[in-house]
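What the coordinates show
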Amino acid sequence: MDISIIQASPVDAEEILTLQKVAYRSEAKLNDDWNIPPLTQTLSEIEEEFKAKFFLKAVAQEKILGSVRTSLDSGTCFVGRLIVHPDYQGKGIGTLLMKKIETVFPDAARFELFTGIRSINNIRLYQRLGYQKSREESLPSGARIIYMEKNR
């Protein structure tokens, strides 16, 4: 399968939102946790994100298989919602998206992202790409967030 990593645009918002909900529903089912906030995000909310964030998408045969959104502030590239369709996980799409981020933001001194404690596969992916755990935070809901970062 030939996968391209390219910039997404607001035209892709609905397909990215659908991908996000499929991926998060799969995670919710696996973890018996239906309170994952991205499941309730609306199309207008994701369209609004396009104004402040840079989106990348992984595409094969005109279908979006994965996406990630980023923003740059004071030399730090913040990475959010790395999403890969459940049918295509384990095929290197997450790695391709993360590597592309570093080429899109060559002036970033640091890259920071966060993931839930249950996202062991994501944590392993980020570690293979040179990210290290920087801190951990507990939310009122009982979920834990792990912040990971990579310096240039």
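Let us look at the structure shown here.

How each quantity is defined
- Residues numbered from 1 in each chain as written.
- Predicted model: local features only at pLDDT ≥ 70, side-chain atom pairs only at ≥ 80, totals over all residues.
- Heavy atoms only, no water.
- Helix = DSSP H or I, 4+ residues; strand = E, 2+ residues; numbered from the N terminus.
- Buried < 20%, exposed > 50% of the residue type's maximum accessible area, 1.4 Å probe, protein only.
- Contact = heavy atoms within 4.5 Å.
- Areas by Shrake-Rupley, 256 points an atom, 1.4 Å probe, with all protein chains shown as cover.
- Phe/Tyr/Trp six-rings, centres within 6.5 Å; stacked < 30°, edge-to-face > 60°.
- Salt bridge = Lys/Arg side-chain N within 4 Å of Asp/Glu carboxyl O.
- Core = buried A, V, L, I, M, F, W, Y, C linked by side-chain atoms within 4.5 Å.
- Arc of directions from axis to C-beta.
- Pairing = 2+ DSSP bridges.
- Right-handed = clockwise from strand over helix to strand, strands pointing away.
- Expected span 1.5 Å × (residues − 1).

**Details of the overall build of the chain**
- The number of helices and strands found in the chain is four helices and seven strands.
- When its helices and strands are written in sequence order, the chain yields β-α-α-β-β-β-α-β-α-β-β.
- A burial count over the chain gives 43% of its 152 residues as buried.
- Taking the intrachain contacts of the chain between residues at least 6 apart in sequence as the baseline, contacts between residues at least 24 apart amount to 59%.
- Carbon and sulfur atoms make up 48% of the accessible area of the chain, which totals about 8,700 Å².

**Quick word on the packing of aromatic side chains**
- With the rule as written, the count across this model stands at four aromatic pairs.
- Ring geometry for Phe 50 and Phe 55: centres 3.9 Å apart, planes at 15°, overall stacked. Each member of the pair Phe 50 and Phe 55 is classed as buried.
- Between Phe 54 and Phe 105 the ring centres are 5.7 Å apart and the planes differ by 85°, which places this aromatic pair in the edge-to-face class.

**Quick notes on the environment of Phe 54**
- Relative to the assigned elements, Phe 54 resides in strand E2 (residues 54–60).
- Each C-alpha atom of the pair Phe 54 and Val 79 lies 9.6 Å from the other, and the pair is 25 residues apart in sequence.
- Here Phe 54 is in contact with Gln 7, Val 68, Arg 69, Thr 70, Val 104 and Phe 105, once residues within four sequence places are set aside.

**A few points about the pattern of salt bridges**
- Enumeration according to the criterion identifies nine salt bridges in this entry.
- Salt-bridge contacts for Asp 12 lead to Lys 57; the nearest nitrogen and oxygen are separated by 3.0 Å. Taken together, the positions of Asp 12 in the loop between strand E1 (4–7) and helix H1 (13–31) and Lys 57 in strand E2 put the pair 45 residues apart, joining distant regions of the chain.
- The partner of Glu 136 in a salt bridge is Lys 133, with the nearest N and O atoms 2.8 Å apart.
- Among the ionic contacts, a cluster of salt bridges with common partners joins Arg 110, Glu 112, Arg 135 and Glu 149.

**Describing the nonpolar core**
- Ranked by internal contacts, the top residues of the largest apolar core, which has 28 residues, are Ile 93, Leu 97, Met 98, Ile 101, Tyr 126 and Tyr 131.
- Breaking this core down by element, the ones donating at least two residues are E2, strand E3 (63–73), strand E4 (76–84), helix H3 (93–104), strand E5 (110–116), helix H4 (120–128) and strand E7 (144–151).
- Not counting residues within four places of it along the chain, the set of residues in contact with Leu 97 comprises Ile 5, Leu 56, Lys 57, Ala 58, Gly 66, Ser 67, Val 68, Leu 82 and Ile 83.
- With 13 residues, the next largest nonpolar core counts Ala 13, Ala 23, Ile 46 and Phe 50 among its residues.

**Some details on helix H2 (residues 43–52)**
- Looking only at H2, the buried set comprises Ile 46, Glu 49 and Phe 50. The buried side chains of H2 occupy one side of the element, clustering within an arc of 110° when seen end-on. When the buried face of H2 is taken as reference, the exposed residues oriented beyond 90 degrees from it are Lys 51 and Ala 52.

**A closer look at the pairing of E5**
- Both E4 and E5 contribute to a ladder of four bridges, which runs parallel. Directly across from Val 79, in E5, lies its bridge partner Leu 113.
- The handedness of the E4 to E5 crossover, carried by H3, is right-handed.
- Where E5 lies against E7, seven bridges are found, and the strand directions are antiparallel.

**Overview of H3**
- For H3, built from 12 residues, the straight-helix expectation of 16 Å at 1.5 Å per residue is met to within 8% by its first-to-last C-alpha distance of 17 Å.
- Residues Ile 93, Gly 94, Leu 97, Met 98, Ile 101 and Glu 102 constitute the buried set of H3.

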